[in-house]
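Reading the structure
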Amino acid sequence: MFDQPAFLASTEGPDRGFDPILLHVSPGGQERPPRSYAARFPNLVPNGMFQTPTNDSELSLVSSTRQFQEGAFLTDDGRKLLFVAGDSTYDSEDLYIATRSTSSGTFTSVKPFDHNVVGTNECCPTMAGNVVMYERPIAGGKKEIVSSILDGTTLSAPELVVLPGTNSFQQPSLSADGTRLVYVVNLGSDWHLEEAELSCP
């Protein structure tokens, strides 16, 4: 709507060449910024996203006999953590799951997945829904990506995720809806990322 004088000689009309400015008005009649301009993370500090580091004791997941822990994946609800733990020689790695009853605090249950089902030296878990994908070693020094179903704290027998080519595939990352997979292709002398759209046979 344009406000122009009434019962007066016509004056130069309003400039319709200006870009529109959209006002977002709250139910109480107060102007508020559009959603796209609102601060997504209102508690950010200037040099980082987190104001206080997590208490290290909350993440003391396995005994000192497993000297490294890596490849962690935390579920959206914060109650399950998948990770890899192994010895100092990196000759033996296992997939572990840690659980807690709330989205924060100490993990109260930590255990490796069944070796007879999952195997050993698996790495880099990622998850969408109850589908877990991870890499495992195969002959010739290569790696492949497999998937299992997580039921509580138990993984089903792994199934091969079929990807094009005969290269070494590793470090999978699933989209939140489980429809797309990004992974690393090891070509021997070169490494690069590829994306695949997932479908069931």
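Basis of the calculations
- Residues numbered from 1 in each chain as written.
- Predicted model: local features only at pLDDT ≥ 70, side-chain atom pairs only at ≥ 80, totals over all residues.
- Heavy atoms only, no water.
- Pairing = 2+ DSSP bridges.
- Helix = DSSP H or I, 4+ residues; strand = E, 2+ residues; numbered from the N terminus.
- Axes fitted to C-alpha atoms, helices over the stretch in contact; angles between N-to-C directions.
- Disulfide = S-S within 2.5 Å.
- Buried < 20%, exposed > 50% of the residue type's maximum accessible area, 1.4 Å probe, protein only.
- Salt bridge = Lys/Arg side-chain N within 4 Å of Asp/Glu carboxyl O.
- Core = buried A, V, L, I, M, F, W, Y, C linked by side-chain atoms within 4.5 Å.
- Contact = heavy atoms within 4.5 Å.

1. Comments concerning the sheet that holds strand β14 (residues 191-197)
Taken in spatial order, the three strands make up an open sheet running β12-β13-β14, and their pairing is antiparallel. At either margin of the open sheet sits one strand with a lone partner, and together these are β12 (168-174) and β14. Going from strand to strand, the sheet's axes swing by 30° on average, the running direction of each strand aside. Inspection of the sheet shows β12 paired to strand β13 (residues 180-186) by five bridges, in the antiparallel sense. Directly across from Q170, in β13, lies its bridge partner V184.

2. Considerations on the state of the cysteines
One pass over the structure, following the stated rule, counts zero disulfides. The cysteine C123 is free of any disulfide, with C124 supplying the nearest cysteine sulfur at 3.3 Å. Classification of C123 as buried rests on a relative accessible area of 10%. Residue class for C124 comes out buried when judged on its relative accessible area of 17%.

3. A short note on the pattern of salt bridges
Should their charged atoms come close, side chains of opposite charge can pair. Applying the stated criterion across every chain, the model contains four salt bridges. Across the salt bridge formed by K143 and E135, the nearest N and O atoms sit 2.9 Å from each other. A relative accessible area of 27% places K143 in the partly exposed class. Residue R136 is joined to E144 by a salt bridge in which the shortest nitrogen-to-oxygen separation is 2.6 Å. The exposure class of R136 is partly exposed, given its relative accessible area of 22%. Through salt bridges with shared partners, a single network forms among R180, E195 and E197.

4. A closer look at the sheet that holds strand β4 (residues 80-86)
If you walk across this open sheet you meet the four strands as β3-β4-β5-β6, and the pairing is antiparallel. Whereas interior strands pair on both sides, the edge strands pair on one side only; in this sheet they are β3 (68-74) and β6 (109-112). Sheet twist, expressed as the mean angle between neighbouring strand axes with direction ignored, is 25°. Relative to β6, strand β5 (residues 93-99) runs antiparallel, the two sharing four bridges. Bridge pairing links I97 to K111 in β6.

5. Observations concerning the pairing of β12
Working note: regular strand, side chains alternate between the two faces of the sheet. With respect to burial, β12 is a largely interior element, five of its seven residues being buried. Where β12 folds back onto β13 in an antiparallel hairpin, the turn is made up of five residues, including G178, whose phi is positive at roughly 75°.

6. A short note on the pairing of β3
In terms of strand pairing, β3 meets β4 through five bridges, oriented antiparallel. Paired with F68 across the strands is G86, a residue of β4. Taking the residues between adjacent antiparallel strands as the criterion, β3 and β4 are bridged by five residues, where G78 takes a positive phi near 75°.

7. Focus: the nonpolar core
Within the largest apolar cluster, 15 residues are counted, with the highest numbers of intra-cluster contacts made by F113, V132, Y134, L150 and L155. Listing elements by their share of this core, those giving two or more residues are β4, β5, β7 (123-128), β8 (131-137) and β9 (143-151). The dominant element in this core, judged by the number of residues it contributes, is β7, at three residues. Apart from the residues within four sequence positions on either side, L150 is in contact with K80, I97, F113, M127, N130, V132 and L155.

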